[in-house]
Amino acid sequence: MRAEIVPEENHLTPRHQDDDLDSDVFGPLTSIPVESLVRLATRIKKDILGTATSDGWLVSKFAGSYTIIHIIQLDDTRLVIRVPATDGETTIPVPLVYDFDTNTDNDINAPYICMSYIPGRIVATSWFGRDSDKAAGSTAMLEERRLRILAGIAKGSDEFARFTFNKIGSIHCEETMDISNLDVGPCYDGRENEDGTLNVTASGPFSSTQAYLETHTFNDNGIRALDLSILYFDSQNILVDDNDCIAGVIDWDLAQTLPRLVGYARCPSWITRDWDPLMYGWPKDTETENSPEELQWKARGWGGDWRYSKISHITEAVWLAALSPINRLEICRKLI
């Protein structure tokens, strides 16, 4: 689905808009009163930013995979309040978290996160071309745009390479939020039940890749542990500005450390999609899918962890096949 969140700024392409929120997944969270959201944002702005509000309104509301996102305008300040379906420093741009509550005893009677607003558009709106590209009939302009996006992602991935951990799990820190005292806690996996509700389970942390896979799948003999790093980038979580530079990385919930083969050293998932045939929509979908010819690329013999990146389309496919019985058969057919 493609629809503008903020038409005058061409901000994002939401997965679901206000009139298409899944009540089976989000329940009463789809009908949180606008007045309550504005009241919450107004209080946070006053307590955290130190400024009062004379006027406030809901700019837009849409849903990601497991959260409803509300964009609130308070005078000249814009905030984002994310409501879940359930309850290291780098230069990578991420939203500032102003306030959060994991309970329901608050203005909107629901868990939330209030964050700073990052202007931008998701990668797909630039990756598959703009109207100006199509009008000019220029493939060179589109290729240049894609290279800028990939260069920004590569720079961010390179920063992730500095952070390694000895366990697979999610990053935790003390209530003081002292980032010098980080620890690796359990993995949190969100899975949709047959009735459409969401179930989040905790497992681990795990001291090896084999231990992780033994918990999440079967028949994983012979897989050895690797160094770990932060979760890879995904196209719906990356915002770019008008110059196609990385403007922000969002949706960090459920992020966790992973083996570098499927973590920061992995190529972006939208250029390896053809190795997961069940999820690959080409040739029926030519608007948001690249053809196999477009997705072909050659290793350039770079240094460092490039030895992992150049085969990441294979390791990613194997990883997905190991963890997902639904995708396994078609991936195995592709590999063979």
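Residues numbered from 1 in each chain as written. Predicted model: local features only at pLDDT ≥ 70, side-chain atom pairs only at ≥ 80, totals over all residues. Heavy atoms only, no water.

- An unreviewed UniProt entry lists the protein under the name Aminoglycoside phosphotransferase domain-containing protein, with Diplogelasinospora grovesii as the source organism.

## Observations concerning the overall build of the protein
Then step 1. When you go through the protein residue by residue, the secondary structure sums to ten helices and 15 strands.
Then step 2. Counting all 336 residues of the protein, 44% fall into the buried class.
Then step 3. Element-wise, carbon and sulfur atoms account for 51% of the exposed surface of the protein, whose accessible area totals about 18300 Å². (Helix = DSSP H or I, 4+ residues; strand = E, 2+ residues; numbered from the N terminus. Buried < 20%, exposed > 50% of the residue type's maximum accessible area, 1.4 Å probe, protein only. Areas by Shrake-Rupley, 256 points an atom, 1.4 Å probe, with all protein chains shown as cover.)

## A few points about the pattern of salt bridges
Then step 1. Tallying each qualifying case throughout the model produces 14 salt bridges.
Then step 2. Between Asp47 and Arg43 there is a salt bridge whose closest N-O contact spans 3.6 Å. Taken together, the positions of Asp47 and Arg43, both in helix α2 (residues 34-49) and four residues apart, correspond to about one turn of that helix.
Then step 3. The exposed category is assigned to Asp47, whose relative accessible area is 51%. (Salt bridge = Lys/Arg side-chain N within 4 Å of Asp/Glu carboxyl O.)

## A closer look at the nonpolar core
Then step 1. Ranked by internal contacts, the top residues of the largest apolar core, which has 20 residues, are Leu29, Ile32, Ile72, Ile81, Val83, Ile108 and Tyr112.
Then step 2. Secondary-structure elements contributing two or more residues to this core are α2, β3 (67-74), β4 (77-84) and β6 (112-116).
Then step 3. It is α2 that provides the largest number of residues to this core, a total of five residues.
Then step 4. In terms of nonpolar packing, the next biggest core, distinct from the first, is built from 18 residues, Trp127, Ile149, Ile153 and Cys267 among them. (Core = buried A, V, L, I, M, F, W, Y, C linked by side-chain atoms within 4.5 Å.)

## Focus: the environment of Thr315
Then step 1. Tracing the sequence through the fold places Thr315 in helix α9 (residues 312-323).
Then step 2. Residue class for Thr315 comes out buried when judged on its relative accessible area of 17%.
Then step 3. Between the alpha carbons of Thr315 and Leu261 there is a distance of 6.7 Å; along the sequence they are 54 residues apart.
Then step 4. Once residues within four sequence positions are removed from consideration, Thr315 is found in contact with Leu261 and Val262.
Then step 5. From its side chain, Thr315 meets the backbone oxygen of Leu261 in a polar contact 3.5 Å long. (Contact = heavy atoms within 4.5 Å. Polar contact = N/O pair within 3.5 Å; in protein donor to acceptor, adjacent residues only side chain to side chain.)

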